[in-house]
Every structure is written in structure tokens, then in C-alpha cells.
Amino acid sequence: MAGGTTSSARSKMKAKGVQDSGRTNSPSEDVANLHQLEAQHGILGIVLLLFCGTVSSYLCTYLPEALTAADLDRHPTAFIAERAWDNLQVLNDFGPKPTGSRANELGAADYIRREIEKAKATAHAAQLVETAHQTISGAYPIAFLGNPLTSVYRNAQNLVVRLAGRSEDGERAALMLNCHYDTVASSPGASDDGGSCAVMLEILRVLSRAPERNRHSIVFLFNGAEETPLQAAHGFVSQHRWAGEVRAFLNLESAGSGGKEQLFQAGPQHPWLIEAYGRAVRHPAAQTVSEEIFQSGIIPSDTDFRIFRDFGHVPGMDFAHTINGYRYHTRFDTIDYLTLPVLQRTGDNILALTRELANGEELGRVGSDPNLAEGYSVFFDVLGLFFVSYSASTGQIVNVMLAVLSLAMPLMELCRQVRRVGERSVLSQTLVGLLGTVCGTAASVGVVLLVANRLDAVGRAMSWFSTPYLILGLYGCPVILMHCFAHRLCSHWFSDKKSPLNLTQTVRARLIGVNLFWTLLIIPLTLANIRSAYIIAVIVLLSLLSTILTSVLGYQGQPRRWLALHLAFQVPTLLWATKFYHLLVKLFVPITGRMGAGTNPEYLIALLVACFGLLCVSYLVPLVGLLKGTSELTARMTVFAMIAFLLGCCTQVGFPYRDESNGEPSVQRHYVTHTLQVAHRDGAVVSEGAGFLFREMDRNAVRVIRGVAKPAEAVPMRQMETCRTMLFCGVPFYSIWHQIRFNNYWMEGPSPAIEKHTLPTFELVRVHQNSSSVRHYSFEIVHRHQTCVQSALIIAPKPGVQLVAWSLMDTVPGTIEFNGERAHFVLITYGLADDAPWTVTFAFEYDPDHLQDGAGAKLFDVSWVNTYWEHGDKHTDEFRKLIDQFPEWAHVIPSVAVVNITAH
């Protein structure tokens, strides 16, 4: 009996001890260290967030020191940025170089050709340098936004260099580097894409002077018609004799003005390319999320990558500078806004990658080994310090494992600590953490969308355009506030005074709820094959590592040390999350200036901040439960938000645009086309009109357009009088993207000054009735003068008539729809002028019994549009005065167009 009584007493004492430990591991320490955290300590979390954001911003823009000619003796095989800079200076000084202009076809092309010959003359005796000057004409089908068009080019130019490899006797395999030296109208194109061509010239110099050949050949393609769009690249892959050797390519592009060259798409598939990038590149900048965003079509751009992939069937990698997209395709894309380190970093990376690929075995095997072509990759750089890549299938396994372990391990650890008496409380508080995160996410999204709607409604859209820091106050503070309120309310609603958990354990359980939230997100994304789920996976991994280290160090019962360890792991979490915030804000904020007015750009920025704000604060906000109160934190956040609202809505800080006076121009874009419209019938002019067409490039553009047009009225394009009388409203179509997607405005005015002898002509030379139901038409197109002009053919068959064949291509793409009419759209770009006429034939099929006018019936309407891009010296006084009325912070791209509409 005595022994039994002693055992029972011990059991009771042990149970009491367990219960006490469930309530708190060290009551005095818990009270002293956690409950006495003052409200102002919450500000430390905001300070930590801002500090990490500043560090990640610095790392996102850091560039290495540039090498100059003085470093050549010490680095004879290195990329020398100063030599590339000299080439860029000359290309920049040519000014705008649109395809067809003298600056492009005669100036830039001749300069690059001379530089190639210099490189050839100074090549090492062991090297074989071959050159080719390709002048090509062709056509191909392509679609933008689901709208098909036929892209035709005449006498476009390519300058091609081939650096022969050692494997000449066996199967010829080559790596290709591509840039384009043409630009859009009104932009010198120092970054897009003169800098890339300068980099390629320097790489050619370095490699051609090496004493030993590379294993495989390297083809350098300097193409002269990319902005047209993408035409010279098609001419190379479809017609050049060296195109068949190319097994992979590197495409050098730009959508900004400086910064790091981002690898933003690769493949498709061919994971060996990403592996080579990881081995070779010294300064990595590559993200799978960039690839998935670009390929979604949300970014209004395209590159030669598409042509090489779709028509050349060659895998490759696409690089672009994305910083300072404000200057992209404007007069400010000049060498004045670039630096030597930009060229040095790009040159270092591309030269190293070229050497890796040109001397690797994969290039020789890719044509015969199908295994190399299979599989997608997940790839990313970590703050530009190192590079990580693995297969998409491995990524799926990793994501699911991390999701499961991030739940199982902290749950087991916490439940083991509280044993049986607190397990239900752990689970309930985990659900409270999940609910707080879900409610905070929903509330933050709702609030920022409301803010976005109201800013647009009061006419203050894009107040952050030139001052992106306003975004932090306008949207970042509301996001944090909503998450704080949500967790605080959930804590209040579901508080349990009888819970055996102490305060630290309650907060840890709620952090497990955050893990559950990310698990419920990462698994569906993984199952949907969205590779960008790696962003969440890294966050979850850091949380898991924090749990493991807490267990290893035995910090479960030491609240202060646990909190310090948790915050220490929040540093890499915040660095990781804020990196993506900077990356996407620097990309999308300038893009809102050229995405049209159809969508409120505030919504895009608001959602971006809500998403990446959640990434930043999800593991910080539950810590508000450790504070005595949150009133001071929320009050300060509210003050920051109000200051941002006042700055954005009531001061000049919130004015969206800036001229170059502060050295950082961020302009509003305007395309203005002085247009002549002429309708013909049986060889006679039946109606004629003229005016100015304005393109609405951003959300605020219409106010400027209407202000410039006063006292006349700017009429929405689809309300023009000519929409009832002319095919496609008589609008000078030259871009499906801009004419169909964007809102345009029309103001009537005098006729433009046109030198008719410089106009490309489209004349009917023959009509042949092949059969009772098929009629052939032959036209001649002539472009004799070296002018920058693009033509467009809009061919609208009458009801019951079908265009079944033409001489442009073997196939006839479908039609596009505009103003309730359907027509085939053909875009024609001219490079070098040519006196020889070009004959184009069309075959139309119809049912003769349904034609009202019998054999003489008109089968189709055609609009022949010619748009002059470099016509400044021929602008009328009225056009010049109109352009001068635009403010200094506007970038105007003027053009002159002639629209001739005829029925045949």
C-alpha cells in the first residue's frame, strides 16, 4: 500500500507539471519578455521591411566596374566595355533608324559592315571569319492578340558573320547571337538595340582574336528590321545558307534603358541551355516568373525569339534590359542615359555564355539526341549572387514536400511541447492563423482595388508613374493595415482564456496557420504546372528551416530567443520577397504608360502590391499578438498612407510625368498621324477627307489630346463620319495592336503635304477570269525612293466572295474584324529602295448567281495605306503647330499617312 500511494502521488505531481508546462514553460520569462513588448516595437517590423527592401533594391541595380582600353594588357581575352561604347556612340549619333530610312539602310548598315571587316582583318591566323550581306524579301503569317496578319518585307538587310569552329569536318552545328540595329521612329535606340549590337561587335573582336578556335561555329546576326516587326529575323531563318547550322541562339534585346540584362525566356524546353547559363554566367539575373509573365501576353512587346522558335524551330535564350522603361521607344533612349557598367555586365555574361555553349558537347548533339530537347526548367537567381535551376518535375516534388513538411514539423514540435493537454488548442489556433491570413488577404485586395478605383475616378490615375515610392503609401500601407486588423480581429473573436497555450505558443500556432495558407496555394499551383510557385516554395523553405533550427537549439521554451531566431529568418524572406516587388514594379510601372486606356492601370499596380505585400508580411503580422496593443502601429501606418494620398492627389509630386530637366525623364507618349483619306470608284475620286489621328497610349492621354485639339473636337475613332462610308473607317492601319486594342481619336484638318512621286504605288495591271467562279487580279507595287514608309493592304471581300489564293504566300490567313467589317490585313515594310516593280496576284472565288451586277460586279474593297515615319521636313505648318502644343513632358511620334480606298 505504501509503495502504491507514493507512485500515485508522483503521477499526480507529474500530471500537474505537464499541465503547467502546457500553460507556460517559464512563467516569469514569458511575462517579462513577451507581455511587456511595447506597441512601438511593432514599428521595428516596418523598419526591417524597409531595410531589406533597400538592400534588395541595391542588389537589383548593382553593376560591376567597367574595363577600359587601359585594362587590355591585363585582360587580353576579356570584354572591354570602352571599345563597345565607341561603337555605340556612332550608332547613337545616327539618330532614329527606322527600317527604310537612310540612317538605317545606308548609315548604320554601312558602319556595322565596316566594323565587321575591321574585326575580320585583325582576327588571329587560326580563326576563319566569313561574312555575308543579305538583302531579303519574303512573307509569313503571324498573329497578335489573336488577330492574324500577313507580314511582308521587301529588301530588308542582314549583316551576318560566321566564326568557324573546329568541328567543320563533321556535322556543322552553330550558336547564333542576334541583335537588331534598326529603331522605332523618333528614337535613337541606344539601348533598343544599339547597345546589344555594340556588345556583339566587341564579342566578335574578342573571340576572333583568340589563338584557338571554338569547338562549334558562332554566327553573329546583325538584323536591320526587327521593329517592323520581326521581319529580318524571318528572312535569315528562312533563306540564309547558314541558318541550317544554327542549333541554339542568344537574342539580345531591350525594353528599358540600362540595368541588368534579364534572362526572361528560354527554350522552349531544352533544359541544357539553362544548365549552361548556370555554369557560365558570373552575374546571373534570370527568373522563371519573368518567362511565364512574358509568355502570357500581358506585356505589349515581342522579340525575334518568337521567329527563331516558330519558324526556325531552334531553341534559345532571350535577354533584355528592363530598368527605366520610361525611355523605351522615346527620344530619350540615347547614350546619355546609359553607362559603361551596363555594357560591361552584359558583355561579361554573354561572352562567358557564348564560350560555354560554343565549346560544349550539347550543341553538336541537340540535332540528333531528342532527350536534350525534353523537359522544362525552374530557374532563378538569388539576389544576383548565385543561380539555381532544376527540372520542373523535380520542382513539383520539392514543392509538395516543402508544403507537407512546413505543416508537419512545426505541428509535431509544438504538440510535443504541450503534449496531450494542448493539442486541440494548437490545431484551433492554427486555424485562427489561417483565417487571419485569408481574411487579411481578401481585405487587402478589396481595399487596394477600392483605392485604385477612387484614384481613377477623381482623375489621379498614375500619380506614382514618376514617383514609384508613392506606391508604398497608397497601396503598401493599406495592405499591411488590413493584415494587422484581420489578425487582431481573429485573435479577439477566437480568443480562449482557458487555453493551455501560453502567448508564445499561441503565436507559433498561428504561424503554422500561415504555413497552411501557403500550402493550400502552392499545391494547386504546382498541380497546374505553374513553375512560378518556386517563389512561394522559397518562403516556405525558410519557415521550415526556422522551425528546424528552433528545435535543434532548444528555443521552444525561450520566447525571446525564439523571436530573435524567427526575425533572423525573416531577413532572407524579406530580401527574397522585396526583390520580386522591385523587379515587377520597375517593369510594370513604365509599361502602364504604353498599355492604352482600356484598363485602369491602378488595378494592376494595386494587385501587384497586394500579392507581394502578402509575401513580405505573412510571417510578420501574426507577431502583433505579442504586442500590448497595435494602436500606435496602425496609427503611424495610417498617417503614412494619408501623407501619400495628399502627395499623390494634392501636390506636384503626384503629377505622373516629368521632362528631362531633372535628369530622369518619364514622358507621356503620343502618336499623331496627319492623314489624307481618298475614296475611288472606277478610277475617279468620289470622296476625300483629311485630319489628324491621335492614339490614346495611357489612362490620362485623352485629356491631353482634347486639350491640344481645342477649339476643334477630338472625336472617338469609331464615331468618325468615314466609318459609314469607308472601309475600316478610312483609318491608316499599320498595327493591329494599336488600332484595334487602343482607343484613337480623330480631329479634322487640312491635307498633309505629300510628294506623290515618293509614294509606293499599288496599281491594277490585269484582271483574268479563270472560270465562271474564280477571278484573278494582278497588281504592281513599286517603291523607288529611299524613304521610311510602311504600306498596309486591307482586303475586304464582298459578301459571298472569298480570297482563296495569292502570290504573297502559299496560305491565306484569316481575317480581322474592325467596325463590323472583316478583312485580310497585310503589312509591307521596305528596306532598300528598288526601281523594279513587284507583281502581286489575288484569286477570288464567288458564286456568280449571287452577284447583283453580273460579270462586272465588284468583288472586294481594298484600302492601300502608306505611312511615312521620317517625314519631318515635309510637315505642314498646321501639323508643326499641333505638335508644338504638346507639353514638354510629352513624347510625340509624328507620322503622315495616305489612305486610298478602291473597289475592284
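You'll find the structure just up there.
Analysis parameters
As a convention, each chain's residues are numbered from 1 in the sequence order in which they are written. Given that this is a predicted model, residues contribute local features only at a pLDDT of at least 70 and side-chain atom pairs are listed and counted only at 80 or more, while totals for whole chains, interfaces and linings are drawn from all residues. As a convention, hydrogens and water are excluded, and side-chain values are obtained from all of the structure's heavy atoms. Buried residues of nine kinds, namely Ala, Val, Leu, Ile, Met, Phe, Trp, Tyr and Cys, make up a nonpolar core once their side-chain atoms join them within 4.5 Å. Exposure classes here rest on a 1.4 Å probe applied to the protein chains alone. A residue is buried below 20% of its type maximum, exposed above 50%, and partly exposed in between. Only heavy atoms matter for contacts: two residues are in contact if any of them lie within 4.5 Å across the pair. Within this analysis, patches are made of residues with over 30% relative accessible area and no salt bridge. Like charges are joined at 9 Å or less; nonpolar side chains (Val, Leu, Ile, Met, Phe, Trp, Tyr) at 5 Å or less. The Shrake-Rupley method, run with a 1.4 Å probe, gives the accessible areas here. Residue values count only the displayed protein chains as cover. A pair is scored as a salt bridge if a Lys or Arg side-chain nitrogen falls within 4 Å of a carboxyl oxygen belonging to Asp or Glu. The way it works is that DSSP assigns letters per residue, a run of H or I at least four long becomes a helix, a run of E at least two long becomes a strand, and they are numbered from the N terminus. Here a strand pair is declared whenever DSSP counts at least two bridges between the two strands. Helix axes are fitted only over the stretch in contact, all axes being lines through C-alpha atoms; the angle between N-to-C directions runs from 0 to 180 degrees.

> For this particular structure, what's the right way to read the nonpolar core?
Side chains of a nonpolar character, in soluble globular proteins, are inclined to be buried together. In terms of nonpolar packing, the biggest core is built from 103 residues, with Trp 464, Ile 471, Tyr 475, Trp 518 and Trp 576 touching the most fellow members. Apart from residues lying up to four places away in sequence, Trp 518 is in contact with Ile 536, Ile 539, Val 540, Leu 614, Leu 615, Ser 618 and Tyr 619.

> Help me understand a nonpolar patch on the surface in this model?
Residues Ile 397, Met 401, Leu 405, Met 409, Leu 541, Leu 545, Ile 548, Leu 549, Val 552 and Leu 553 make up a contiguous nonpolar surface patch of about 800 Å² in total accessible area. Within the residue set of the nonpolar patch, elements represented by two or more residues are helix 13 (392–418) and helix 17 (534–553). Residue contributions to the nonpolar patch peak at 6 residues, all from helix 17. The topology assignment puts Met 401 in helix 13.

> Would you mind showing me how to read the sheet that holds strand 14 (residues 761–771) here?
Within a sheet, neighbouring strands are paired by backbone hydrogen bonds and run either parallel or antiparallel to one another. As summarised here, the arrangement of the 4 strands in space is 14-15-20-17, forming an open sheet in which the pairing is antiparallel. If you trace the sheet from one side to the other, it starts and ends with strand 14 and strand 17 (801–806), each paired once. Averaged over all pairs of adjacent strands, the angle between their axes in this sheet comes to 30 degrees, without regard to strand direction. One ladder, built from 5 bridges, connects strand 17 with strand 20 (residues 834–846); its direction is antiparallel. Bridged to Val 801 within strand 20 is Tyr 846.

> Is there a simple way to explain the pairing of strand 15 (residues 774–783) in this structure?
Here is the key point about a regular strand: its side chains alternate between the two faces of the sheet. The buried fraction of strand 15 is high, at 8 of 10 residues. The sheet contact formed by strand 14 and strand 15 spans 9 bridges and is antiparallel. Within strand 15, the position partnered with Val 767 by the bridge is Tyr 777. As defined by bridge partners, strand 15 adjoins strand 20 across 9 bridges and the pair is classed as antiparallel. Within strand 20, the residue paired with Arg 775 across the bridge is Phe 844.

> Quick question: what am I supposed to make of the pairing of strand 8 (residues 377–382) here?
Of all 6 residues in strand 8, 6 are buried, a share of seventy percent or more. A two-sided burial pattern is seen for strand 8, the buried positions comprising Ser 377, Phe 379 and Asp 381 on one face and Val 378, Phe 380 and Val 382 on the other. One ladder, built from 6 bridges, connects strand 8 with strand 9 (residues 386–391); its direction is antiparallel. In the sheet register, Phe 379 faces strand 9, and the bridge partner there is Ser 389. Taken together, strand 8 and the strand that follows it, strand 9, pair antiparallel across an intervening segment of 3 residues, in which Leu 383 is found at a positive phi of about 60 degrees.

> Explanation requested: the environment of Val 479 in the structure shown.
Following the sequence through the fold, Val 479 ends up in helix 15 (residues 470–493). Val 479 gets classed as buried once you look at its relative accessible area, which sits at 1%. Separated by 131 residues in sequence, Val 479 and Ala 610 have C-alpha atoms that sit 6.1 Å apart. Ignoring sequence-local partners within four residues, the contact set of Val 479 consists of Ser 444, Val 448, Val 609, Ala 610 and Gly 613.

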